[in-house]
There are 2 protein chains.
Amino acid sequence: MTAQTLQADLTWIDGAFQADRVITIGSEGRIESIEAAVQGSVRRLPGIALLPGFVNAHSHAFQRALRGSAERFPTGAGSFWSWRESMYALVSSLDRQMLGRICRQAYAEMRDAGITTVGEFHYLHHDRDADFAFDDVVLEAASDVGIRLVLLQTYYSMGGIGKALGPAQRRFSTPDLGAYLRQLDRLAGRLDPALHSLGMVAHSVRAASLAETRALHEEAARRGLPFHMHVEEQRSEVEESLAAYGRTPMRLLCDELAPAGSLTAVHCTHTSPADMADFLSRGGRVCVCPLTEANLGDGIPDLSTAHSAGGRISLGTDSNARIATIEEMRWLEYGQRLRRQVRGALVGPGGEVASTLLDAATRGGAAALGIATGEIAPGRWADFAAIDLSVPSLVEVTPAGLLDAIVFGGGNRAIAGSFVGGKWRETD
Amino acid sequence: MTAQTLQADLTWIDGAFQADRVITIGSEGRIESIEAAVQGSVRRLPGIALLPGFVNAHSHAFQRALRGSAERFPTGAGSFWSWRESMYALVSSLDRQMLGRICRQAYAEMRDAGITTVGEFHYLHHDRDADFAFDDVVLEAASDVGIRLVLLQTYYSMGGIGKALGPAQRRFSTPDLGAYLRQLDRLAGRLDPALHSLGMVAHSVRAASLAETRALHEEAARRGLPFHMHVEEQRSEVEESLAAYGRTPMRLLCDELAPAGSLTAVHCTHTSPADMADFLSRGGRVCVCPLTEANLGDGIPDLSTAHSAGGRISLGTDSNARIATIEEMRWLEYGQRLRRQVRGALVGPGGEVASTLLDAATRGGAAALGIATGEIAPGRWADFAAIDLSVPSLVEVTPAGLLDAIVFGGGNRAIAGSFVGGKWRETD
């Protein structure tokens, strides 16, 4: 790609929309400078406001294939666990071609929703036993669509604390740490450095032993890679952990993981305030997935401490039942409002909420994934979500209220397209 | 309008999508027949699935003007009551021209969201004292946009139980029953029968006395008009009622209103299960507004009894902070999942949830508003939401899973346009 300059009507810089800024993007896809005016030709983006591209910090792309089929309850109500059975049935049916098609579909929908980076929490590794063929499928799908992808390569060795893997879980299997790390090294050699990077994951306390989790976390810190885990999404996980270890999953992680190297805990739906405070004091981050946590009937986490800690919250589309980061943003706040029966739960220093929510969808995700994105600033990737200022939902809104109107009143229809590393993709 | 025939790829009839049905629409805008094939020319709608047009049973259109300005909390968190102060400030600033522009904007956005009928819970009556000039503005805006409108003409005489109106509330004032009914009669003479109808409303137990509410409810039953009230949206309304009457608002209404004539109670966020069961046994209906109730930090109502009663639930966009009926549908279910921590809360007889949610957004609203719409069936208005089957969110979905995919995975981008009384309007 050649170097280029872009000038939208409005650009979100340092926490506010600024008019007519010119962004210069280098040939490698990073922002070189942002100026008030430049000599020479500029690519104008009339009627567009640029936000930092949204960072989807937690996705299982293959679950997009459950859309339209996971909302039937012939025996009455369902649960996370009955949903998991549907998901396992899907898992058993997939081959490389199908998975590739599903992932491309999910990633294309993400681009249409303004998502420019996805953290793919990837545990569906194998086509046949231990071939890790699906890891490559995911990387290829991201390259095909042109979405920035952090492959959060997931360790999965148990079918419950101390239990063997079930039949459907064999496709997730990472039999031991050595095999896992060999595959991680192999993947490191296959990445497109302009688009791909790696993270490390222990699936959950249900799927990795304490010793394995500890070793993985240490290795991630040694390699400087982000480390993610599912934590306390469902009450029964908390109960299983209490029964096996005498401690909640979050208590366990706080007690057992080395202080160096931070952890992004995904969900924290049932995390106690005391555990949460301890976790945050150790540098922990929280990824929340409002649409999925509602769809799965998980519950609403208490985010007051995480919000006070500043910049620790990120957002994920998780099951991809619906792919809409703007909707995730407002329901991040709305969940807290419903929990506490107040307005303005995740209020920032200036009294505004929308910028906290945008930060979760951008900077918070970039920090959780260890990627130089999430802000429109020199040195960052040129990843932008382009807002169409002419959509009816934004009519009669002033620039001062524009972010509020986007976050609380807008939706995917407001996304004209997005840039990843300076490359434009128009919404389908 | 001349008579016409329409044929979409799929049409929602009797609770399922049927292929290639031909709908014949009479010159007055009602469905005459639905057949498998007809002689003569047919207007084809390729790539489109028709749903019954969505019925928005509770709207305050003017509040659309708060978009982008009601989400700041300079003194920390806010509440329903601090939000109401912003709304009152807006109210004081409006004139006929501004109000007309705002209403047209809101109604156009509703059409874009697939809404074909709106129940406008209208209490903002006056430009100058007691001129009721704003009532006509609302009717004209609906005619301009071509949305079916039920003017839910609202009685408002107190600024709290036993309290005089505050300054901002003077624009809401209906000084006595006689003046209210004279204006209702005047409005009845101004309606476009193809598009407009009337309903009666006591704003809430806070804004109308018990005697006034009783008289209004009796008069609505006598006239065969729907009757709506705000009920128990906020805890302090419940407390105020307990202090003044020794009973909750819902208990009061069950005790005091004549059994004949049903009531649509809007919100019921804090209604006790016993009061709710009694209310339903008297034929009561419940209108829920998930996006607004989340935005205002109201809370999540317990809808298990209302759901069991069958067909009593409707949906409203209320404050119009966001206008998106598909999002309202899924969050109607998601609120219940989050409350109960299960999946499949509002399950229908066949184990499906999406059809319950669609019914709330169509038939439930039509019943609450007393309008022959909400189903694609002979004799009903030809009001349809047209779903674009080519949008990415619906790719790879089978017709059997299509409604699930729309409700749980779709959004406004899936709405290609809508028909009201057979007249097409393409999404902006």
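Residues numbered from 1 in each chain as written. Chains lettered and ligands numbered in written order. Predicted model: local features only at pLDDT ≥ 70, side-chain atom pairs only at ≥ 80, totals over all residues. Heavy atoms only, no water.

Enquirer: I keep staring at the sheet that holds strand β10 (residues 227-231) of chain A and nothing clicks. Help me out?
Expert: In any sheet, the strands associate via hydrogen bonds between backbone groups, in a parallel or an antiparallel arrangement. All names here are of chain A. Taking strand neighbours across the sheet as the criterion, the eight strands line up as β6-β7-β8-β9-β10-β11-β12-β13 in an open arrangement whose pairing is parallel. Looking along the sheet, the strands with just one partner apiece sit at the ends: β6 (54-59) and β13 (313-315). Averaged over all pairs of adjacent strands, the angle between their axes in this sheet comes to 25 degrees, without regard to strand direction. With six bridges joining them, strand β7 (residues 115-122) and strand β8 (residues 148-155) adopt parallel strand pairing. When the sheet's bridge partners are listed, Gly 119 is paired in β8 with Val 150. (Pairing = 2+ DSSP bridges. Helix = DSSP H or I, 4+ residues; strand = E, 2+ residues; numbered from the N terminus. Axes fitted to C-alpha atoms, helices over the stretch in contact; angles between N-to-C directions.)

Enquirer: What is the right way to look at the interface of chain B and chain A in this model?
Expert: A common measure of how large an interface is: the accessible area buried when the components associate. Facing 64 residues of chain B, the contacting portion of chain A comprises 64 residues. Contact with chain A buries area across many residues of chain B, yet B:Trp331, B:Arg343 and B:Arg413 alone supply 16% of it, more than any other trio. At the junction of chain B and chain A, the tally comes to twelve salt bridges. Between the two partners, chain B and chain A, sit 42 residue pairs in polar contact (both at pLDDT 80 or more). (Contact = heavy atoms within 4.5 Å. Buried area = accessible area lost by both parts, 1.4 Å probe. Salt bridge = Lys/Arg side-chain N within 4 Å of Asp/Glu carboxyl O. Polar contact = N/O pair within 3.5 Å; in protein donor to acceptor, adjacent residues only side chain to side chain.)

Enquirer: Got a minute to help me understand the sheet that holds strand β7 (residues 115-122) of chain B in this structure?
Expert: All names here are of chain B. Reading across the sheet, the eight strands line up as β6-β7-β8-β9-β10-β11-β12-β13 and stay open at both edges, with parallel pairing between neighbours. Edge positions in the sheet fall to β6 (54-59) and β13 (313-315), since each has one partner strand and no second. In this sheet, neighbouring strand axes are inclined to one another by 25 degrees on average, regardless of whether the strands run parallel or antiparallel. One ladder, built from four bridges, connects strand β10 (residues 227-231) with strand β11 (residues 264-267); its direction is parallel. What sits directly across from Val 231, in β11, is His 267. The strands that helix α12 (residues 354-361) touches are β6 and β13; relative to β13, the one it contacts most, it runs at about 70 degrees.

Enquirer: Even after reading the chapter, I still don't get helix α12 (residues 354-361) of chain A, so can you show me in this structure?
Expert: Side chains of residues three or four places apart in an α-helix project in the same direction, reflecting 3.6 residues per turn. Burial runs high along α12(A): seven of the eight residues are buried. Here α12(A) has its buried residues at A:Ala354, A:Ser355, A:Thr356, A:Leu357, A:Leu358, A:Ala360 and A:Ala361. (Buried < 20%, exposed > 50% of the residue type's maximum accessible area, 1.4 Å probe, protein only.)

Enquirer: Would you mind going over the state of the cysteines with me for this structure?
Expert: As used in these notes, a disulfide is a covalent bond between sulfur atoms, one from each of two cysteines. Across all of its chains, the model carries zero disulfides over all chains by this definition. There is no disulfide at A:Cys268, and the cysteine sulfur nearest it, in A:Cys287, is 9.1 Å away. The thiol of B:Cys254 is not disulfide-bonded; the next cysteine sulfur, from B:Cys268, is found 9.6 Å away. (Disulfide = S-S within 2.5 Å.)

Enquirer: So what exactly am I meant to see when it comes to the pattern of salt bridges here?
Expert: Pairing between side chains of opposite charge can happen when their charged atoms approach one another. Scanning all chains against the criterion turns up 70 salt bridges over all chains. Of the charged contacts, one joins A:Arg171 and A:Asp127 as a salt bridge, the two residues approaching to 3.8 Å between their closest N and O atoms. A residue pair is termed long-range when its members are at least 10 positions apart, and A:Arg171 in the loop between β8 and α4 (177-188) and A:Asp127 in the loop between β7 and α3 (133-145) qualify at 44 residues. Each member of the pair A:Arg171 and A:Asp127 is classed as buried. Two residues, B:Asp278 and B:Arg251, come together in a salt bridge whose shortest N-O distance is 2.5 Å. Here B:Arg251 lies in helix α7 (residues 249-256) and B:Asp278 lies in helix α8 (residues 273-281), a separation of 27 residues in the sequence. Residue classification places B:Asp278 among the buried positions, given a relative accessible area of 19%.

Enquirer: Please clarify how the nonpolar core should be interpreted in this entry.
Expert: General note: in soluble globular proteins, nonpolar side chains tend to be found buried as a group. By size, the foremost hydrophobic cluster in this structure holds 245 residues, and its most contacted members are A:Leu51, A:Phe54, A:Tyr107, B:Phe54 and B:Tyr107. In terms of nonpolar packing, the next biggest core, distinct from the first, is built from 16 residues, A:Ile23, A:Ile25, A:Ile48 and A:Phe419 among them. (Core = buried A, V, L, I, M, F, W, Y, C linked by side-chain atoms within 4.5 Å.)

Enquirer: Can you help me understand the domain arrangement of chain A in this one?
Expert: Residues and elements named next belong to chain A. As assigned here, chain A comprises domain 1 (4-52 + 375-426) and domain 2 (54-369). With centres defined by C-alpha atoms, the gap from domain 1 to domain 2 works out at 28 Å. Across the contact, 26 residues belong to domain 1 and 30 residues belong to domain 2. Buried area between domain 1 and domain 2, summed over both chains or domains, comes out near 2,200 Å², and the portion from carbon and sulfur atoms is 60%. At the boundary of domain 1 and domain 2, one finds three salt bridges. Residue Asp 383 is joined to Arg 148 by a salt bridge in which the shortest nitrogen-to-oxygen separation is 2.7 Å. For the pair domain 1 and domain 2, the number of links is nine residue pairs in polar contact (both at pLDDT 80 or more). Elements that contribute at least two residues to the side of domain 1 that touches domain 2 include exactly β5 (43-52), β14 (384-388), α14 (399-409), β15 (415-420) and β16 (423-426). Counting residues per element, the side of domain 1 that touches domain 2 draws most heavily on α14, which supplies six residues. (Domains from an automatic or database assignment.)

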